[in-house]
Amino acid sequence: MRRSVVRALPDGRVITVYPFHICIKGLETAILCRDDDDYDAMVKVLCVSAWRCNVIIIIYAVVSNHCHVAVLAASREDADKYGRDIKKVYSMWFRRRYGVGNVLMRIETKAIMLDSDWYVRNALAYIPRNALDNGCNINDYEWSGYKAMFAGEKKVMGARKVSQLDARSRKRIMHTGDRLDRVPWLIDSADHLIPASFCDHTYLEQAFNNDQSFFLKTIGALNTAEISYKLEERPYRMVNDTELQKTVEEISERWFAKPVAALSIEQKNRLIPYVYHIIKTTPKQLGRVFGLPADRMSGMLERN
């Protein structure tokens, strides 16, 4: 499969892009989506924010207390900006509708680069599987991009172009004042976005060798505890030195085919900022794992 591909971004640039995963969760017990209007709004926030932040959605799933989205982005910074924008805009929607502020205040958003074939395939399969969290069948779940994949909803009767909505309709339907006159998106008769009009189904399909049965088998065989931990839990909580060492060794083998102890300083300089971003840690702890003084570690992180 091809993890990095060339795509035309929303701003028109044709550039190499990379896959990232982003998860947005509510506070410990907060329900982010209470009814269909909330689910619909969250999907539209995902879509509008992607256009605004210059990333491309591959697949997504929105459930009651969190959402997942995989995107193609030119840089980690762009993917991170996208996660922050989702958080900000959906918080505004929630506050306007329910008078409840700061529903996402304590939530960090981290764009996790999917840096191996295993990571890409398992993340892309795990995302639509989240429909099961809402007690729904994956095939029929309305609030995910699953139906855009393979021979899914490529044509929908009565579909309308978002780009042709007038300003009042755009505000009412898409919940934004942004100009959307260049977007390729379509809405159905219920004013819901049609996933095939904004999800990059081609990327997902090639990730599974253009074989739908491979995709379905991967969904069915997922170790959900492992992938949930790697995508949802590990990035947001401190781990002990032993666990961090194990994770760093795994990444080092993937990236450089050698253990951390054998890395050159240039290779460590590439790896350290990545680890610092995807795992909640400190320069002092990283120094212990990488065998470098904490002050030198801080300097490396500041330069990146």
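Check the entry above for the structure.
Residues numbered from 1 in each chain as written. Predicted model: local features only at pLDDT ≥ 70, side-chain atom pairs only at ≥ 80, totals over all residues. Heavy atoms only, no water.

*Asks:* Explain the pairing of strand E2 (residues 14-25) to me, please; I cannot follow it from the model alone.
*Replies:* On any regular strand, side chains alternate: one points to one face of the sheet, the next to the other face. Direction of pairing for strand E1 (residues 5-8) relative to E2: antiparallel, over a ladder of four bridges. The residue bridging Arg7 from the neighbouring strand is Ile15, located in E2. In this structure, the hairpin formed by E1 and E2 is closed by a connection of five residues, where Gly12 is found at a positive phi of approximately 100°. (Pairing = 2+ DSSP bridges. Helix = DSSP H or I, 4+ residues; strand = E, 2+ residues; numbered from the N terminus.)

*Asks:* Please explain the packing of helix H8 (residues 241-256) against helix H9 (residues 265-278) as it appears in this structure.
*Replies:* Helix-helix packing is described using two parameters, namely the angle between the two axes and the distance between the axes. In contact at an axis separation of 11 Å, H8 and H9 are set at 130° when each is read in the N-to-C sense. It follows that H8 is oblique to H9 by the angle criterion. The handedness of the crossing between H8 and H9 comes out as right-handed. Here H8 contributes Leu244, Val248, Ile251, Ser252, Arg254, Trp255 and Phe256 to the contact with H9, which in turn contributes Gln267, Arg270, Leu271, Tyr274, Val275 and Ile278. In terms of residue class, the contact of H8 with H9 is built from nine nonpolar, two polar and two charged. (Axes fitted to C-alpha atoms, helices over the stretch in contact; angles between N-to-C directions. Parallel < 35°, antiparallel > 145°, perpendicular 65-115°, else oblique. Left-handed = near helix turned anticlockwise from the far one by under 90°. Contact = heavy atoms within 4.5 Å. Nonpolar A, V, L, I, M, F, W, Y, C, P; charged D, E, K, R; others polar.)

*Asks:* Quick question: what am I supposed to make of helix H7 (residues 224-233) here?
*Replies:* Quick reminder: α-helices carry 3.6 residues per turn. Residues three or four places apart thus point the same way. By the burial criterion, the buried members of H7 are Ile227, Ser228, Tyr229, Lys230, Leu231 and Glu232. Those residues of H7 that are buried are in contact with E2, strand E4 (66-73), helix H3 (117-129) and H8. (Buried < 20%, exposed > 50% of the residue type's maximum accessible area, 1.4 Å probe, protein only.)

*Asks:* For this particular structure, what's the right way to read the nonpolar core?
*Replies:* Soluble, globular proteins show a tendency: their nonpolar side chains are buried together. Residues Ile57, Val62, Tyr82, Leu124, Trp185, Val275 and Phe290 are the most contacted members of the largest nonpolar core, which totals 104 residues. Counting residues per element, this core draws most heavily on helix H1 (residues 36-53), which supplies 10 residues. Once residues within four sequence positions are removed from consideration, Val275 is found in contact with Leu244, Val248, Ile251, Leu286 and Phe290. (Core = buried A, V, L, I, M, F, W, Y, C linked by side-chain atoms within 4.5 Å.)

*Asks:* Help me understand unusual backbone geometry, please; the structure alone is not making it clear to me.
*Replies:* Backbone geometry follows two general trends: most residues other than glycine have a negative phi, and most peptide bonds adopt the trans configuration. Non-glycine residue His175 carries a positive phi angle of around 60°. Phi is positive for Asn209, close to 55°, though the residue is something other than glycine. In this structure, Asn209 sits in the loop between helix H5 (201-207) and helix H6 (212-221).

*Asks:* What exactly am I supposed to notice about the pattern of salt bridges here?
*Replies:* Where charged atoms from two side chains of opposite charge approach closely, those side chains can pair. Under the criterion given, the structure shown has 18 salt bridges. Two residues, Asp200 and Arg7, come together in a salt bridge whose shortest N-O distance is 2.6 Å. With Asp200 in the loop between strand E7 (186-187) and H5 and Arg7 in strand E1, this residue pair connects regions lying 193 residues apart in the sequence. Like Asp200, the residue Arg7 is buried in the burial classification. Its salt-bridge partner being Arg52, residue Asp178 comes within 2.8 Å of it at the nearest N-O pair. Note that Asp178 is positioned in the loop between helix H4 (167-174) and E7 and Arg52 in helix H1, a separation of 126 residues in sequence. A single network of salt bridges, built from pairs that share partners, joins Asp35, Asp37, Asp38 and Arg97. (Salt bridge = Lys/Arg side-chain N within 4 Å of Asp/Glu carboxyl O.)

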